[in-house]
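What follows is each chain in one-letter form.
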Amino acid sequence: MKITNLGSQSYASFYVACELYKQMNGDKHSKLGLATGGTMVDVYRFLVELLHKNQLDVSDVITFNLDEYVGLTSNHPQSYHYYMNDILFNQYPYFTTTQTYIPRGDADDLDQEAKRYEQLIDELGPVDIQILGIGENGHIGFNEPGTDLNSPTHIVDLTESTIQANSRYFEHEAEVPKQAVSMGLASILKAKRIILLAFGEKKRAAITKLAQKEVNKDVPATILHAHPNVEIYVDDAAAPF
Ligand code: GLP
């Protein structure tokens, strides 16, 4: 695992957008693992620009998103379905024919939905590039501290600290869902290449723990040490050195 300080959010986001673009340009059947959150906004903005400029046909690309809040329908403005449509899929016409998968947080049988999603990853994967953000408590996807290191897609009880951190996207903290469907740590590790991004001072503690090179259940992102192909890009504020 390499941690590289690219200086600013813009530089790092542009770099990762180029990597995603190059992947799709090199293989029209690419499979991308996508993430949400404030960290990814500029990545998708730059990616949409690159796609438009070059008119790349992405209709055979497959995408898998990491997670979704339980109880939010796809048209809820804070759902990750809405985020992805708004920021990426509706911004580039070819994505309308692309297969874009996101776990359903409004499924009647959530355990069944988690199983279905993991099967999809196994049938259609493996993912070529998985992009990840990181929670202030070191979560990836919605895998909170203490998550089983072998976990497949599953239902998660969100921790108080995650609910509080994510309340910045909702009008009131009480509106933040208490659960999510998330790819597990084992699902994430199935990807061939993983790129994690972290920006801002609030992420520095988590990145510092990650830099310690030990797998620690209390900091879920440290499971990435068990993967042979992980890159981490940070800005000055999140850099641990
Ligand atoms: C959320 C998401 C993660 C994301 C993280 C950081 O809870 N489930 O996938 O990486 O928290 O979010 P942000 O980029 O908004 O700081």
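From a predicted model like this one, the values you see are computed outputs, not experimental measurements.

Criteria and thresholds
- Residues numbered from 1 in each chain as written.
- Predicted model: local features only at pLDDT ≥ 70, side-chain atom pairs only at ≥ 80, totals over all residues.
- Heavy atoms only, no water.
- UniProt positions renumbered as here; feature names shortened; annotations may be inferred.
- Helix = DSSP H or I, 4+ residues; strand = E, 2+ residues; numbered from the N terminus.
- Buried < 20%, exposed > 50% of the residue type's maximum accessible area, 1.4 Å probe, protein only.
- Contact = heavy atoms within 4.5 Å.
- Pairing = 2+ DSSP bridges.
- Axes fitted to C-alpha atoms, helices over the stretch in contact; angles between N-to-C directions.
- Salt bridge = Lys/Arg side-chain N within 4 Å of Asp/Glu carboxyl O.
- Phe/Tyr/Trp six-rings, centres within 6.5 Å; stacked < 30°, edge-to-face > 60°.
- Lys NZ or Arg CZ within 6 Å of the ring centre and 35° of its normal.

Another aspect to go through is the UniProt feature "active site" (unreviewed entry) in the protein chain. With numbering matched to this structure, UniProt assigns "active site" (unreviewed entry) to Asp67, Asn137, His139 and Glu144. Checked against the element boundaries, Asp67 lands in strand E4 (residues 67-69). A relative accessible area of 4% means that Asp67 is categorised as buried. Dropping the residues within four chain positions of it, Asp67 is found in contact with Thr36, Tyr80, Ile102, Pro103, Gly141, Phe142, Val181 and Ser182. Residue placement: His139 occurs in the loop between strand E6 (129-132) and strand E7 (154-157). Among residues more than four places away in sequence, those in contact with His139 are Gly133, Ile134, Glu144, Thr162 and Pro220.

Spatial strand order, E4-E8-E7: three strands in an open sheet with antiparallel pairing. A single partner strand is all that each edge strand has here, and the edge strands are E4 and E7. On average, each strand axis in the sheet is tilted by 25° relative to the strand beside it, whichever way the strands run. Taken together, the three bridges between E4 and strand E8 (residues 179-182) define a ladder with antiparallel strand orientation. Residue pairing in the sheet places Glu68 in a bridge with Val181 of E8. Taken strand by strand, helix H4 (residues 110-124) contacts E7 and E8, and its axis lies near 125° from that of E7.

As a further point, take the pattern of salt bridges. A side chain of one charge can pair with a side chain of the opposite charge if their charged atoms are brought near each other. One pass over the full model with this rule turns up ten salt bridges. Here Glu19 and Arg193 are joined by a salt bridge, their closest N and O atoms 2.7 Å apart. Of this pair, Glu19 sits in helix H1 (residues 9-26) while Arg193 sits in strand E9 (residues 193-198), and the two are 174 residues apart along the sequence. The pair Glu19 / Arg193 is uniform in exposure class, with both members buried. Glu231 is the partner of Arg193 in a salt bridge, and the nearest nitrogen-oxygen pair spans 2.7 Å. Taken together, the residues Arg193 in strand E9 and Glu231 in strand E10 (residues 230-235) connect sequence positions 38 residues apart.

Here we have seven strands laid out as an open sheet, ordered E1-E10-E9-E6-E2-E3-E5, and parallel in their pairing. Each edge of the open sheet carries a strand with a single partner, namely strand E1 (2-7) and strand E5 (99-101). Across the sheet, the axes of successive neighbouring strands diverge by a mean angle of 20°, strand direction being ignored. One ladder, built from four bridges, connects strand E2 (residues 31-34) with strand E3 (residues 62-65); its direction is parallel. Residue pairing across strands places Leu32 opposite Thr63, the latter belonging to E3. Packed onto the sheet, H1 meets E1, E2, E6, E9 and E10 and runs at close to 160° relative to E9. In the packing of H4 onto the sheet, the strands contacted are E2, E3 and E5, and the crossing angle to E3 comes to about 150°.

Scanning all chains against the criterion turns up twelve aromatic pairs. With 6.4 Å between their ring centres and 75° between their planes, Tyr44 and Tyr83 make a pair best called edge-to-face. Separated by 39 residues along the polypeptide, Tyr44 in helix H2 (residues 41-54) and Tyr83 in helix H3 (residues 80-87) bring together distant segments of the chain. Each member of the pair Tyr44 and Tyr83 is classed as buried. Seen from their ring centres, Tyr69 and Phe142 are 5.4 Å apart, and the 50° between their planes marks the pair as tilted. Of this pair, Tyr69 sits in strand E4 while Phe142 sits in the loop between E6 and E7; the two residues are 73 residues apart in sequence, bridging distant segments of the chain. Look at Tyr69 and you get buried, because its relative accessible area is 1%. Taking the relative accessible area as the measure of exposure, Phe142 reaches 1% and is therefore buried. These aromatic residues form a ring-pair network of at least three members: Tyr69, Tyr80, Phe142 and Phe170. A cation sits over an aromatic face here: Arg45 above Phe46, 4.8 Å from the ring centre.

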